[in-house]
Amino acid sequence: MADAPTIVWFRDDLRVADHPALTEAVGRGASVVCVYVLDEDSPGIRPLGGAAKWWLHGSLAALGEAIEALGGMLVLRRGPAARVIRSLVDETGASAVFWNRRYGGPERELDAALKAELADRGVEARSFAASLLFEPWTIRTGQGTPFSVFTPFWRACTSAPEPRHPLPAPDAIEGVDAAGDALDEWNLLPTRPDWAEGLRAAWTPGADAAHARLAAFIANDLAGYDEGRDRPALAATSRLSPHLRWGELSPYEVWHAVRERRAGGAGATRFLTELGWREFAWHVLFHAPDLATRNWRPGFDAFPWPPLDEAALHAWQQGRTGVPLVDAGMRELWATGTMHNRVRMVVASFLTKNLLIDWRRGEEWFWDTLVDAGAASNAFNWQWVAGSGADAAPYFRVFNPELQAAKFDPDGEYVQRWVPEVDTAAYPEPVVDLRESRAAALAAFEHVKAARG
Ligand code: FAD
C-alpha cells in the first residue's frame, strides 16, 4: 500500500466512471490528486476554439462536483503541462502520475517525454487505454500497415477481441489539498453573451447529462436510427458527439450499453459503425499527425486553389450564401455549436467544390464553432469531403445542395427552422451558380489527376 499520493491527470476524459487511471490510482490505497491542466503553451498543442472552451467550462464544473462528491477535489492549473505536472509532483510529494492516453502527435510527444522524465526521477508514470475502443497500433492490415479504407478497418476491429466492459466509478477518493485556479479565472465562456445563450439552450455538458442522453437515445431512437439518421429535421441521432469528445462518457460505456440492446437490429449495427468512424478518424490521425493541415493524399497538393474569396467565405460562415440547405446548416452551427452530419457534408462540399475554398479554412471555422470539435474527426471528415483524405468520397462526387434538400429535408422543415425568410425577397440570390461552379471544380481537379493523386 502506497503512502505518497498519486496524481491523476485528467485530459479528454472528464469523468469518474470508466476512468482506468483514476481506478488504478484509488487502488494504490493512498490519496489522489486530481488535476486538469489548461495547456495553451506547449509546442504543437492546438488552442481550443470558442465553442469548445464553453463546453470545457461546464464539463470541468461537473467533473469537480463529481470528484468532490467522492471526497476528493479537482485542482485546476494553467500552463505548459509538463512543467505543471512536475511542480505538482514536487509540491505534493506524489510517487506516481497516472493518465489515460491521448493520440494526437504533439500530445503523444509531450506525454512520452514526461513519462521518461518522471521515471528517471523514480516517479511511477503509467498510461491507460480509455478513449478509443481499439488502440491504433493493434489494428493493422495483413501486411502490417495501417488501414486506409474504412470497411476492412472496421471488419478488423470487429474481429478483434470485444472491447472490455466499463469500470465503475470509485466508491471514494481520498483527496489532497493543493492550490489551484478558480474555474471562472480561466475566462472560458464567450464574451458574446448571445452565443453562450444559444449553446446553453442546446446543451448540458457533464457526465450526468451524457448518461441521460445515452439512455434516452437507446430507449427512443436506436431502433429507428438507420432510417432517421440522415434527416436533419428529426432529432434521430444520439447527439453524443461532444460528450464523447470530452470523454464525459467513454466509448466502452456506449458500446456495451448498445450491445445489450442489440435486439435494436439494423439501428444498433449502424450506430456502432458510426462509432467505428470515430475510431477510424483517430487511427488515421495517429498515423498522420498533421491531418488538420496537410493533405492526406499528397497528390492533392497539386490542387490549384484560387486566391481566397474572403466575401464568399464570410457568406458561408454567416449562412448567407443564398443556398438554403447550406445556410440552414451554417446558422444551426452558429446558434447551437453543432450541425447535423448530413448537412456538415453538404456545407463542406459547397465550400470546397462550389466556392473552391481550401478545406483548411472550413476546418478552422468548424474548430472554432463546434462544441464537438475534435482533432481527429474534424480534420478527417473535412479531408473526406474535400477528396484529399483517407477513404475519401471521390472528388467528382459533388453534393448538390438542392437534391440533398429534396431527398433529406423533403418538407423543407429544417430549412424553414433556420432560414425562415427563405421564400421571401429578403433572402439573397445564390453567391455561385451550382452547375458552373461544379464544372470549374472538376476542371481544377484535373491537375490532381495529372499529378497522379
Ligand atoms: P450519431 O449519428 O449519433 O453518431 C454516434 C457517434 O459516432 C457520434 O457521436 C460520433 O462520435 C461518431 N460519429 C458519427 N459520424 C462520424 C463521422 N463521420 N466521423 C467520426 N465520428 C463519427 N464529429 C465530431 O465528433 N467532431 C468533429 O469535429 C466533427 N467534424 C466534422 C466535420 C465534417 C465536415 C463532417 C462531415 C463531419 C464531422 N463530424 C465530427 C462527424 C459527425 O458529423 C458528427 O460526429 C455527428 O454529426 C455527431 O452527431 P451525433 O452525436 O448525433 O452522431
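Residue positions are given per chain, counting from 1 as you read along its sequence in written order. It should be noted that, the model being predicted, local features are given only for residues of pLDDT at least 70 and side-chain atom pairs only at 80 or more, the latter also being counted only at that level, while totals for whole chains, interfaces and linings use all residues. To obtain the side-chain values, all non-hydrogen atoms of the structure were used and water was disregarded.

Visitor: Please clarify how the pairing of strand β3 (residues 74-78) should be interpreted in this entry.
Guide: Note on strand geometry: in a regular strand, side chains alternate between the two faces of the sheet. Within β3, 4 of the 5 residues are buried, which leaves the element mostly enclosed by the surrounding structure. Pairing geometry for strand β2 (residues 32-38) and β3, over 5 bridges, is parallel. For C34, the partnering residue across the bridge sits in β3 and is L74. Clockwise travel from the first strand over the helix to the second, with the strands pointing away from the viewer, marks a crossover as right-handed. For the purposes of this entry, the term helix denotes a DSSP run of H or I that reaches at least four residues, the term strand denotes a run of E that reaches at least two, and both are numbered from the N terminus. Crossover β2 to β3 through helix α2 (residues 50-69) is right-handed. Classification of residues uses two cut-offs on accessible area relative to the type maximum, computed with a 1.4 Å probe and protein chains only: under 20% is buried, over 50% is exposed, and between them is partly exposed. Strand pairing is assigned whenever DSSP identifies at least 2 bridges connecting the two strands.

Visitor: Explain the site of the ligand to me, please; I cannot follow it from the model alone.
Guide: Whether a residue is near a molecule or strand depends on its heavy atoms: if one lies within 4 Å, it is near. Taken together, 26 residues lie near the ligand, and Y225, T237, S238, R239 and N341 sit nearest. Any N or O atom pair separated by 3.5 Å or less is treated as a polar contact, with the protein-specific requirement of one donor-capable and one acceptor-capable atom, and with residues adjacent in sequence counted only for side-chain atom pairs. One nitrogen or oxygen atom from the side chain of N341 is found 2.7 Å from an oxygen atom belonging to the ligand. Bound to the protein, the ligand loses 95% of the 820 Å² it would expose on its own. Elements supplying a minimum of two residues to the shell around the ligand: α9 (241-245), α11 (266-287), α14 (341-354) and α16 (375-386). For the shell around the ligand, the element with the highest residue contribution is α11, accounting for 5 residues. Only Asp, Glu, Lys and Arg are considered charged in this grouping, and only Ala, Val, Leu, Ile, Met, Phe, Trp, Tyr, Cys and Pro are considered nonpolar; every other residue, Gly among them, is considered polar. Class assignment of the residues belonging to the shell around the ligand gives a composition of 13 nonpolar, 8 polar and 5 charged. Here the accessible surface of atoms and residues is derived via Shrake-Rupley with a 1.4 Å probe, and residues count as covered only by protein chains that are part of the display.

Visitor: Looking at this structure, how should I read the domain arrangement of the protein?
Guide: Those domain boundaries reflect an automatic or database domain assignment. Segmentation of the protein into domains returns domain 1 (6-130), domain 2 (132-164 + 208-287) and domain 3 (298-452). Centre-to-centre, using C-alpha coordinates, domain 1 lies 25 Å away from domain 2. Only heavy atoms matter for contacts: two residues are in contact if any of them lie within 4.5 Å across the pair. Contact residues are listed per partner, giving 18 residues for domain 1 and 19 residues for domain 2. When two parts are put together, the accessible area they lose, computed with a 1.4 Å probe and summed over both, is reported as buried area. Between domain 1 and domain 2 the total buried area reaches about 1600 Å² when both faces are included, carbon and sulfur atoms providing 55% of it. Three residues stand out in domain 1 for area buried against domain 2, namely D18, W55 and Y103, and they jointly supply 41% of the buried area on that side. Any Lys or Arg side-chain nitrogen located within 4 Å of an Asp or Glu carboxyl oxygen qualifies as a salt bridge. Our enumeration of links across domain 1 and domain 2 arrives at 3 salt bridges. A salt bridge links R245 to D12; the nearest nitrogen and oxygen atoms lie 3.3 Å apart. Inspection of the region where domain 1 meets domain 2 yields 13 residue pairs in polar contact (both at pLDDT 80 or more). Per element, the largest residue contribution to the side of domain 1 that touches domain 2 is 4 residues, and it comes from α2.

Visitor: I'm lost on α16 in this one. Help?
Guide: Each α-helix turn comprises 3.6 residues. Residues three or four places apart therefore point the same way. To estimate the expected span of a helix, count its residues, drop one, and scale the result by 1.5 Å. Given a rise of 1.5 Å per residue, 12 residues ought to cover 16 Å, and the 17 Å separating the end C-alpha atoms of α16 matches this to within 8%. Within the sequence span of α16, burial applies to A376, N378, A379, F380, W382, Q383, W384, V385 and A386. Where the residues of α16 are buried, they touch α11, α12 (310-318), α14 and α15 (359-369).

Visitor: How do you make sense of the nonpolar core when you look at a structure like this?
Guide: Generally speaking, soluble globular proteins have nonpolar side chains that are buried together. To qualify as a nonpolar core, a set must consist of buried Ala, Val, Leu, Ile, Met, Phe, Trp, Tyr and Cys residues joined through side-chain atoms within 4.5 Å. Ranked by size, the top nonpolar core spans 89 residues in total, and within it V254, F271, F303, W316, M330 and F366 carry the most contacts. A per-element tally of this core places α11 first, with 10 residues. Each of two domains, domain 2 (132-164 + 208-287) and domain 3 (298-452), supplies a minimum of three residues to this core. When neighbours within four sequence positions are excluded, W316 is seen to be in contact with T321, V326, M330, V347, F350, L351, L355, G362, W365, F366 and W382. Among the nonpolar cores identified, the runner-up in size contains 36 residues, and V32, L56, L60 and L74 belong to it.

Visitor: Just to check I follow, could you spell out the packing of α14 against helix α17 (residues 401-408) for this structure?
Guide: Following both chains from N to C, one finds α14 and α17 inclined at 170 degrees, their axes separated by 10 Å at the closest point. Between α14 and α17, the crossing angle belongs to the class labelled roughly antiparallel. Every residue of α17 that contacts α14 at R342, V346 and F350 is listed here: P401, Q404 and F408. Its residues assigned to classes, the contact of α14 with α17 comprises 4 nonpolar, 1 polar and 1 charged. Here the axes come from fitting lines to C-alpha atoms, over the contacting stretch only for helices, and the angles between their N-to-C directions go from 0 to 180 degrees. For classification, angles of less than 35 degrees are called roughly parallel, those exceeding 145 degrees roughly antiparallel, those between 65 and 115 degrees roughly perpendicular, and all remaining angles oblique.

Visitor: Please explain the packing of aromatic side chains as it appears in this structure.
Guide: Each aromatic ring pair is described using two quantities: the centre-to-centre distance and the angle formed by the ring planes. Only Phe, Tyr and Trp rings take part, Trp by its six-membered ring, and two of them pair if their centres are within 6.5 Å. Stacked means planes under 30 degrees apart, edge-to-face means over 60, and tilted covers everything else. Under the counting rule described, the total for this entry stands at 33 aromatic pairs. Consider the rings of F280 and F380, whose centres lie 5.5 Å apart with planes at 80 degrees: the pair is edge-to-face. Highlighted residues: F280 in helix α11 and F380 in helix α16, separated in sequence by 100 residues. Pair check on accessibility: F280 and F380 agree, each one buried. Between F303 and Y395, the aromatic rings sit 5.5 Å apart at their centres with planes inclined by 50 degrees, giving tilted as the arrangement. Of the two residues, F303 is situated in the loop between α11 and α12 and Y395 in the loop between α16 and α17; the sequence distance between them amounts to 92 residues. Both residues of the pair, F303 and Y395, belong to the buried class. A network of ring pairs unites the aromatic residues F134, F147, F150, F153, W154, W255, W277, F280 and F380 as a single cluster. Taking the ring centre of Y252 as reference, the NZ or CZ of R164 above it sits at 3.8 Å. Any Lys NZ or Arg CZ that is within 6 Å of a ring centre and within 35 degrees of that ring's normal is treated as a charge sitting over the ring.

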